[in-house]
Amino acid sequence: QIFQNLRQEYSRIQRRRQLEGAFNQTEACSSSDAPSPSSSLNAPSSPPGASRKDQPSFTLKQVSYLCERLLKDHEEKIREEYEQILNTKLAEQYESFVKFTQDQIMRRYGARPASC
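Computed from a predicted structure; not experimentally measured. (Residues numbered from 1 in each chain as written. Predicted model: local features only at pLDDT ≥ 70, side-chain atom pairs only at ≥ 80, totals over all residues. Heavy atoms only, no water.)

Draft legend 1. Quick peek at the overall build of the chain. Broken down by element type, the chain carries 3 helices and 0 strands. Mapped in sequence order, the helices and strands of the chain form the string α-α-α. Within the span of the chain, comprising 116 residues, buried residues form 5% of the whole. In the structure as shown, the chain presents an accessible area of about 10800 Å², 56% of it carried by carbon and sulfur atoms. (Helix = DSSP H or I, 4+ residues; strand = E, 2+ residues; numbered from the N terminus. Buried < 20%, exposed > 50% of the residue type's maximum accessible area, 1.4 Å probe, protein only. Areas by Shrake-Rupley, 256 points an atom, 1.4 Å probe, with all protein chains shown as cover.)

Draft legend 2. Quick peek at a nonpolar patch on the surface. Nonpolar side chains collect at one region of the surface, where Tyr82, Leu86 and Leu90 lie side by side and expose about 290 Å² of accessible area between them. Structurally, Tyr82 can be placed in helix H3 (residues 60–109). Its relative accessible area of 53% is what places Tyr82 among the exposed residues. (Patch = residues over 30% accessible without salt bridge, like charges linked within 9 Å, V, L, I, M, F, W, Y side chains within 5 Å. Salt bridge = Lys/Arg side-chain N within 4 Å of Asp/Glu carboxyl O.)

Draft legend 3. Broad picture of the pattern of salt bridges. A complete count under the given rule lists 2 salt bridges for this structure. Arg12 is the salt-bridge partner of Glu9, the closest N and O atoms lying 3.3 Å from each other. Of the two residues, Glu9 and Arg12 both sit in helix H1 (residues 2–33), 3 residues apart, roughly one turn of that helix. We classify Glu9 as buried; its relative accessible area is 1%. Here Arg79 and Glu75 are joined by a salt bridge, their closest N and O atoms 2.9 Å apart. Highlighted residues: Arg79 and Glu75, both in helix H3, separated by 4 residues, approximately one helical turn.

Draft legend 4. Examining the confidence of the model for the chain more closely. Confidence in the prediction for the chain averages 75 pLDDT; 65% of positions are at 70 or higher. The weakest mean pLDDT in the chain belongs to helix H2 (residues 37–42) at 40; the strongest belongs to H3 at 93. Contacts for the low-pLDDT stretch residues 32–46, under 50 throughout, to residues beyond four places or in other chains number 4 contacts. (pLDDT = per-residue confidence, 0-100. Contact = heavy atoms within 4.5 Å.)

If you want it as C-alpha cells, here you go:
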C-alpha cells in the first residue's frame, strides 16, 4: 500500500511539473508577445479542473524519507540473505575440504600400517 501511494505521489509530482512547465511556457510566450500586467494576474495558480484528488498526499520531504527508509530496509534484507548464502557456501566448501583431506590421508597412510 505504501508503494502504491508512493507511485501515485510520484506520478502527481511528474504531472504537476509538466503542467507548471507548460504554464510557464505559455506565460513566457504571452508576456513576450504582448507584455500586459493583467495576463499574469488573470492566470490561475492551479490548472482548471484540478481537484482535491490531485492534491498531494505526501510532501516531497516525506516521499524522500519513505523512499530512503524502504531502500534501507530492502538493503538490510538483501545483506542478510547474502550473509546466509555466503555462510552456507563456506560451510559446503569447508566440508568438501575436510573430506578431500581425509581421502588424501587415507590414500597415503591407509595402505601402510601405522607406526607409533
